[in-house]
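A structural walkthrough
Chain residues, written in single-letter form:
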Amino acid sequence: MIPVAEPWIGEEELQLVMEAVKSGWVSSSGRFVTEFEERFAAYCGARCGVATSNGTAALHLALAALGIGPGDEVIVPALTFVATANAVTFTGARPVIVDVCMDNWGLDAEQLEAAITPRTRAIIPVHLYGHPCNMDAIMPVARASGLFVVEDAAEAHGAEIRGRKVGTLADVGCFSFYGNKIMTTGEGGMCLTNDPALAQRMRVLRGHGMSADRKYWHEVVGFNYRMTNLQAALGVAQLGKLDRLVEKKRQIAQWYAERLKDLEAPGILGLHPEAAWARCVYWMYSILVKGEPGEATRLMAELATRGIETRPFFVPMHLLPPYRLDTRLPVAETLYSQGINLPSGTRLEEDQVDWIASSVRQVLGR
Ligand SMILES: *Cc1c(COP(=O)(O)O)cnc(C)c1O
């Protein structure tokens with residue numbers, strides 16, 4: 001089976017994880033956590049990094065540190081992984097679901113304003129499947145209404161808007177290092193911010209709310225959202241090859257586009273977008289299967305019989321039991337019914353992409 005994603009782990013990872021194990025610092029003390037925070041923040045161009053146990057914890061930690069809580073509303077896109085909305089729910093606030101746009105599959109800036117109420121405190125744009133959201137349109141709306149912005153960059157390590165890395169373009173940027181993400185620490189996450197005071201609040205909340213200068217003095221109710229030294233060792237090694245991982249994702253995208261782009265004009269497929277202002281990192285190279293309803297599902301089943309693993313797009317938030325709405329959000333629903341993720345692992349070879357693309361064409365009768 002050709003997998004949709006797989007980690008690229010080599011000798012450097014083994015070396016550093018072994019060093020961490022041998023040092024005896026197997027929990028969250030030890031040199032790798034700070035090193036990983038500093039180096040990942042520097043890579044992205046942010047002042048501070050706060051490593052966490054996973055990406056969902058990073059989102060929750062950011063919202064908690066910004067003081068989001070019961071009675072508040074936080075705007076999230078309809079098309080995302082459920083953790084974005086759940087992190088809002090964990091704080092006691094209510095996620096307000098807004099449709100995405102066809103251009104980049106992220107939050108539709110034009111529909112933002114209408115969703116803002118006196119209770120709105122924050123917006124979480126999600127850089128979906130590696131494509132940056134239109135932050136140039138989102139940030140002015142947020143600032144005009146005095147709202148915080150937390151970027152969910154879990155799927156977009158290294159993605160850029162005109163040379164600036166995502167995750168550094170708002171108040172906090174949250175990353176995931178889960179095993180199928182662009183770089184991994186097994187489980188893991190990080191919050192980036194340019195505000196040292198906010199970083200400090202996140203550090204305190206991450207470690208049971210314990211004061212930095214007085215042992216067992218807990219001024220607030222915190223969490224245990226710490227990253228271990230073992231995870232961070234893996235992260236330092238992965239960060240060393242993040243540019244290569246991103247380059248390979250972009251190479252894979254180019255291979256797919258070369259072999260499928262003639263199906264775009266006749267309206268058979270939609271290809272993964274890349275806006276002129278964006279550098280997409282194609283976490284999962286994705287296509288839209290136009291035509292009859294159910295065609296995407298049929299394609300996925302046929303590809304599976306040829307040993308090609310695919311994934312459907314995320315189920316839009318407003319169709320899930322905890323967040324169900326009666327309103328229709330047409331763009332998210334269309335993307336959901338047509339979208340599939342093709343194999344995008346960084347070990348993928350060009351002849352495998354050949355085989356996948358020709359299988360897609362065969363199944364679609366092209
Ligand atoms: C993976 C992901 C998360 C959650 O990350 P975990 O590390 O699995 O907790 C959050 N948001 C998005 C968009 C993701 O893809």
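Whatever comes next refers back to the structure up there.
Residues numbered from 1 in each chain as written. Predicted model: local features only at pLDDT ≥ 70, side-chain atom pairs only at ≥ 80, totals over all residues. Heavy atoms only, no water.

Some details on the pattern of salt bridges
A complete count under the given rule lists 21 salt bridges for this structure. For arginine 203, the salt bridge is made with glutamate 37, and the minimal N-O distance between the two is 3.2 Å. Taken together, the residues arginine 203 in helix α7 (residues 196–206) and glutamate 37 in helix α2 (residues 31–44) connect sequence positions 166 residues apart. The exposure class assigned to arginine 203 is partly exposed, which follows from its relative accessible area of 27%. The salt bridge partner of arginine 259 is glutamate 258, with a shortest N-O separation of 3.5 Å. Within the structure, one salt-bridge network assembled from shared partners comprises Glu19, Arg31, Glu35 and Arg39. (Salt bridge = Lys/Arg side-chain N within 4 Å of Asp/Glu carboxyl O. Helix = DSSP H or I, 4+ residues; strand = E, 2+ residues; numbered from the N terminus. Buried < 20%, exposed > 50% of the residue type's maximum accessible area, 1.4 Å probe, protein only.)

Some thoughts on the pairing of strand β2 (residues 73–77)
Most of β2 is tucked away, with 5 of its 5 residues classed as buried. Going residue by residue along β2, you find Glu73, Ile75 and Pro77 tucked away on one face and Val74 and Val76 tucked away on the opposite face as well. One ladder, built from 5 bridges, connects β2 with strand β3 (residues 94–98); its direction is parallel. The residue of β3 that forms the bridge with valine 76 is isoleucine 97. Here β2 pairs with strand β4 (residues 120–123) via 3 bridges, running parallel. (Pairing = 2+ DSSP bridges.)

Points about the packing of helix α10 (residues 295–305) against helix α12 (residues 350–363)
Between α10 and α12, the least distance of the axes is 10 Å, while the angle of their chain directions is 130 degrees. Between α10 and α12, the interaxial angle falls into the category oblique. For the pair α10 and α12, the crossing hand works out as right-handed. Facing Arg298, Leu299, Glu302 and Leu303 of α10, the residues of α12 in contact are Ser359, Val360 and Val363. Class assignment of the residues belonging to the contact of α10 with α12 gives a composition of 4 nonpolar, 1 polar and 2 charged. (Axes fitted to C-alpha atoms, helices over the stretch in contact; angles between N-to-C directions. Parallel < 35°, antiparallel > 145°, perpendicular 65-115°, else oblique. Left-handed = near helix turned anticlockwise from the far one by under 90°. Contact = heavy atoms within 4.5 Å. Nonpolar A, V, L, I, M, F, W, Y, C, P; charged D, E, K, R; others polar.)

A closer look at helix α11 (residues 330–338)
Residues of α11 that are buried: Val331, Ala332, Glu333, Leu335 and Gln338. Those residues of α11 hidden inside the fold are in contact with β12 (286–289), α10 and β14 (339–341).

Considerations on the environment of glycine 267
Inspection of the secondary structure assignment puts glycine 267 in the loop between α9 (242–260) and β10 (269–271). It is 9.8 Å that separates the C-alpha atoms of glycine 267 and leucine 288, two residues lying 21 residues apart in sequence.

A closer look at the packing of helix α1 (residues 11–23) against helix α8 (residues 229–239)
Two elements in contact, α1 and α8, have axes separated by 8 Å at closest approach and are oriented at 155 degrees. As judged from the angle between their axes, α1 and α8 are roughly antiparallel. Two packed elements cross with a definite hand, and for α1 against α8 that hand is right-handed. Between α1 and α8, the residues in contact are Glu12, Glu13, Leu16, Val17, Ala20, Val21 and Ser23 and Asn229, Leu230, Ala233, Leu234, Val236, Ala237 and Gln238, respectively.

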